[in-house]
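Per-entry structural report
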Amino acid sequence: MSHPFEGLPTTPTAEELVDKAFSRASRAGGAKDGNEAQQSMLMTASNIASDNMENVVTAWPTIDDLDPFYIELADAVIGEAYPADNDPGIDALKQHLAEVSWAADKVVEIRQEYESRVARGDIDTARKLRKQAFARIADVVEEVEDNLAAISTAHNALKDIPDIRPDEPAIVVAGYPNVGKSSFVNRVTRADNEIASYPFTTTQIRVGHFEDQRIRYQLVDTPGLLDRPPEDRNEIESQAVSALEHLADAVLVFVDPSGECGYPLADQLELRNDIEARFDVPVLTIANKSDLSTDVEADHYMSVTEDDNVDGVLQAAIDAVGYEIELPFDE
């Protein structure tokens, strides 16, 4: 299973669509004579232009049917891709798709308006009418040139978002830089489930997996998002945190009481308090580097470098999630 925006076809440019429609029409017309050739050209050009634009639209998943995590995530990613739009984000994408859908229908209307006239006229009239129809089809396609380009931009921005599965339990790892989050994720996720890095707004999300009792868990590390105070996040990053709120089944906030990470403990705890207030799931405070200091009130103490209580913290996270497989029972 992959994310809903993976595998979207490349969006053609308006110029590519027009060239394809008319070159195919020319070949179709060359195989016939008289009015029949003109009719065949009109039909082919219309079908190619209309079908290709409709395919651009229908290839996209129905946005409103997506999991809220992906809606928020897409909104954030597209918002960054469309900075100049009055209404950036997913609503802008919907509007661009609607315009291309309109153009596909309009091309069909043009064909319907001309086909009987082309069939009835003498050959010169038929040729003139077919050229008129071609000019109008080209105008319609060119009218949505910017919409096609915007859809292509959104596709490129979304194709590399994380393959996160909202139907599988997710544990989000948070805390200031250098407190041991990545070391923890690397230590507890399987070697064959390597941590993957994904471009995500100005930062990356790293996702690892582990299994317990035949349940696959996702460990999500969020450098650049949940590693600094909320006032330091830009609008896109704040929206990305909103997406994580939909995803998280539990949050582990790492703190380093030794201060070796380079950030005052008071600041680390303030970030923890903000996360606790924001996420409506269990939030556990994990004091890492317990070999250096345990001078903080925390839910659990561990040292990843000394391999002390790492499995205990992982088990605490599993217990906090409290995920149970739904078994089919016979009535």
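Residues numbered from 1 in each chain as written. Predicted model: local features only at pLDDT ≥ 70, side-chain atom pairs only at ≥ 80, totals over all residues. Heavy atoms only, no water.

1. Structural notes on the pattern of salt bridges
For the record, the criterion: In the sections that follow, a salt bridge refers to a side-chain nitrogen of Lys or Arg positioned within 4 Å of a carboxyl oxygen of Asp or Glu. Strands are runs of DSSP state E lasting at least two residues, helices are runs of H or I lasting at least four, and both sets are numbered from the N terminus onward. Each residue gets one of three labels from its accessible area relative to the maximum for its type: buried under 20%, exposed over 50%, partly exposed in between, using a 1.4 Å probe on protein chains only.
As enumerated under the stated definition, the model contains 16 salt bridges in all. Residue Asp 307 pairs with Arg 187 through a salt bridge whose shortest N-O separation is 2.9 Å. Here Asp 307, found in the loop between β7 (300-301) and α10 (310-321), pairs with Arg 187, found in helix α7 (residues 181-188); they are 120 residues apart in sequence, far enough to count as distant. With a shortest N-O distance of 3.6 Å, Arg 228 and Asp 227 are connected by a salt bridge. Accessibility classification places Arg 228 together with Asp 227 in one group, the buried group. The network of salt bridges with common partners includes Arg 165, Glu 168 and Arg 216.

2. Observations concerning the domain arrangement of the protein chain
Which entries qualify depends on this criterion: Throughout, the edges of the domains are those of an automatic or database domain assignment. The contact criterion used throughout is that any non-hydrogen atoms of two residues lie within 4.5 Å. Accessible area that two parts lose when put together, with a 1.4 Å probe and added across both, is what the buried area reports. Two N or O atoms count as a polar contact when they lie within 3.5 Å, although within protein this holds only if one can serve as hydrogen donor and the other as acceptor, and sequence-adjacent residues are included solely when both atoms are side-chain atoms. Residue type decides the class: Asp, Glu, Lys and Arg count as charged, Ala, Val, Leu, Ile, Met, Phe, Trp, Tyr, Cys and Pro as nonpolar, and the leftover types, Gly among them, as polar.
Here the protein chain is partitioned into domain 1 (12-157) and domain 2 (168-319). Distance from the C-alpha centre of domain 1 to the C-alpha centre of domain 2: 46 Å. Domain 1 puts nine residues into the contact, and the matching count from domain 2 is eleven residues. Of the roughly 900 Å² buried between domain 1 and domain 2 on both sides combined, carbon and sulfur atoms contribute 71%. For domain 1, the biggest contributors to the area lost against domain 2 are Phe 69, Glu 72 and Glu 80; these three give 55% of the whole. Linking domain 1 with domain 2 are zero salt bridges. Counting the contacts that link domain 1 with domain 2 gives zero residue pairs in polar contact (both at pLDDT 80 or more). Across the side of domain 1 that touches domain 2, the residue classes tally to five nonpolar, one polar and three charged.

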